[in-house]
Amino acid sequence: NDADFTDGAFVITTGGSSGNQCGVQTRTGAATEGVFNCSSSKKWWIETSIKLGNHDSMEFFFGLYEKDVDENSFHLTAKGAGEDRIGFVKAAHNVDTVTYATCFNSAGTISTALDRNIEYDADNDVLTMAIHWDGTVLKFYSGIAATGTEVGALKLNTTVGGSGVPTDSNLNLVLMAENGDGTDESLKVNYIRGAWEI
C-alpha cells in the first residue's frame, strides 16, 4: 500500500554498500534476447512510475538494454558492441539531474541532458517516465510531482533519431537502482510495463 500508488506497488532494495544494485527485467524473447527493437516496422511504448526513498543516495536506469542486467553499473558502461541501450539515467547518486541514453555500438550517448530537464531533488517525489518508438524517432516523456500530488499528463522531454538509435538489437525492458552510499536504499515501483507490435 502507498498513498501515491493507490492501485498497488512493490519495493526493490539494494544491498548496503556503495555500488550494490537491484532491478527488474522482463525478457520474452529467445535466450537472452528481448522483444523490443527499433526496426521501422515495429513500434513500441514503455513506461514506469517510481519513488526514490533517498534521492541523493541512489542512481537508476529505466529503459531497454541489450543484455541481462546482472552486470555491475551497466548504466555507466561505455558505448560499444553488446552495450546498446535506450533509457532515462540518473548517473550519479548525489546529482539530481536525470539524463537520457541512446547508443548503438560506438554511436550515440550513455548520458546526455534532456531538452526539457528533469530534476529529482526531493525524497519520495513521484517520477513517471515513458519512451515511444514511432518507427522513425525515439520520444522521451516524463512527469514529476511531490508526494501527495498528481503527476498529471506526461510532457515530451526530447526526441532522438539518427545513428545512436540501436536498429538491430533485441532489447530487454529494465528498471535498475544502484546504491550510492553505505546504507541499503529502496525504490518503490507503481508499475513497469511495455507494449510492442509483433
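Before reading further, recall that the structure is shown in the block above.
For every chain, the first residue of the written sequence is number 1, and numbering continues from 1 along that sequence. The model is predicted, so local features are restricted to residues of pLDDT at least 70 and side-chain atom pairs to those at 80 or more, both for listing and for counting; the totals for chains, interfaces and linings are taken over all residues. Hydrogens are left out, water is left out, and the side-chain values use all remaining heavy atoms of the structure.

Asks: Please give an account of the overall build of the chain that cites residues and values.
Replies: Every helix listed is a DSSP run of H or I at least four residues long, and every strand listed is a run of E at least two residues long, numbered separately from the N terminus. When you go through the chain residue by residue, the secondary structure sums to zero helices and twelve strands. For the chain, the N- to C-terminal ordering of α and β elements is β-β-β-β-β-β-β-β-β-β-β-β. In terms of overall size, the chain behaves like a compact globule, its C-alpha atoms giving a radius of gyration of 16 Å where 198 residues would be expected to give roughly 16 Å. Structurally, the chain occupies a C-alpha span of about 40 × 35 × 30 Å along its principal axes. We call a residue buried when its accessible area falls under 20% of the maximum for its residue type, exposed when it is over 50%, and partly exposed in between, using a 1.4 Å probe and counting protein chains only. Here the chain holds 198 residues, and 47% of them are scored as buried. Taking all contacts inside the chain whose residues are at least 6 apart in sequence as the whole, residues at least 24 apart take part in 68%. Each radius of gyration reported is based on C-alpha atoms, and the globular scaling rule is 2.2 Å times the count of residues to the power 0.38. Only heavy atoms matter for contacts: two residues are in contact if any of them lie within 4.5 Å across the pair.

Asks: Please set out the sheet that holds strand S2 (residues 21–26) residue by residue, giving values where relevant.
Replies: Strand order in the open sheet formed by six strands is S2-S11-S4-S5-S6-S7, with antiparallel pairing between adjacent strands. For this open sheet the edge positions go to S2 and strand S7 (107–119), each flanked by a neighbour on one side alone. With direction set aside, neighbouring strand axes in the sheet form an average angle of 15 degrees. A pair of strands is labelled paired if DSSP reports no fewer than 2 bridges between them. For strand S4 (residues 58–65) and strand S11 (residues 172–179), the ladder comprises eight bridges, and the chain directions are antiparallel. Paired with phenylalanine 61 across the strands is methionine 176, a residue of S11. Every angle, taken between N-to-C directions, lies between 0 and 180 degrees, and every axis is a line fitted to C-alpha atoms, over only the stretch in contact when it is a helix.

Asks: Mind laying out the pattern of salt bridges, listing which residues take part and the relevant values?
Replies: Criterion for a salt bridge: a side-chain nitrogen of Lys or Arg within 4 Å of a carboxyl oxygen of Asp or Glu. Per the counting criterion, the structure on display carries five salt bridges. We note a salt bridge from aspartate 4 to lysine 51, for which the minimum N-O separation is 2.8 Å. Of this pair, aspartate 4 sits in the segment before strand S1 (10–13) while lysine 51 sits in strand S3 (residues 44–52), and the two are 47 residues apart along the sequence. A relative accessible area of 5% means that lysine 51 is categorised as buried. Each of Asp2, Asp4, Lys51 and Lys188 takes part in one network of salt bridges that share partners.

Asks: Now, about the nonpolar core: what can you tell me, with residues and values included?
Replies: Counting 36 residues, the largest nonpolar core has Trp44, Ile50, Ile86, Phe88, Leu138, Phe140 and Leu187 as the members making the most contacts within it. Apart from the residues within four sequence positions on either side, isoleucine 50 is in contact with Phe5, Phe60, Asp125, Val126, Leu127, Met129, Leu175, Leu187, Lys188 and Val189. Nonpolar cores are built from buried Ala, Val, Leu, Ile, Met, Phe, Trp, Tyr and Cys residues. Side-chain atoms within 4.5 Å join them into one set. Membership of the second largest hydrophobic core comes to eight residues, among which are Tyr65, Phe74, Val89 and Ala101.

Asks: Can you tell me about the pairing of strand S12 (residues 186–196), naming the residues and giving the values?
Replies: In the case of a regular strand, side chains alternate between the two sheet surfaces. Pairing geometry for S1 and S12, over four bridges, is antiparallel. Bridge pairing in S12 places threonine 13 opposite serine 186. Relative to S12, S3 runs antiparallel, the two being bridged by nine bridges. Bridging across to S12, serine 49 finds its partner in tyrosine 191.

Asks: Give a detailed account of the sheet that holds strand S9 (residues 138–145), specifying residues and quantitative values.
Replies: Strands in a sheet are paired, the pairing made by backbone hydrogen bonds, and the direction either parallel or antiparallel. Spatially, the six strands line up as an open sheet ordered S1-S12-S3-S8-S9-S10, and their pairing is antiparallel. Of all the strands in the sheet, the pair left with one neighbour each is S1 and strand S10 (155–160). Between one strand axis and the next, the sheet turns through 25 degrees on average, direction left out of account.

Asks: Give me the side chain of threonine 128: which residues, what numbers.
Replies: Its place among the elements puts threonine 128 in strand S8 (residues 126–133). Side-chain polar atoms of threonine 128 contact the side chain of serine 49, separated by 2.9 Å. With residues up to four places along the chain from it excluded, the contact list for threonine 128 reads Glu47, Thr48, Ser49, Tyr141, Ser142, Gly143, Val151, Leu154 and Tyr191. Two N or O atoms count as a polar contact when they lie within 3.5 Å, although within protein this holds only if one can serve as hydrogen donor and the other as acceptor, and sequence-adjacent residues are included solely when both atoms are side-chain atoms.

Asks: Quick one: what's the story with unusual backbone geometry, residue by residue and with numbers?
Replies: Negative phi is the rule for most residues except glycine; trans is the rule for most peptide bonds. A positive phi angle is found at asparagine 105, which is not glycine, with a value near 55 degrees. Mapped onto the fold, asparagine 105 is located in the loop between strand S6 (97–104) and S7. The phi dihedral of asparagine 124 falls on the positive side, at around 65 degrees, and the residue is not glycine. Along the chain, the position of asparagine 124 falls in the loop between S7 and S8.

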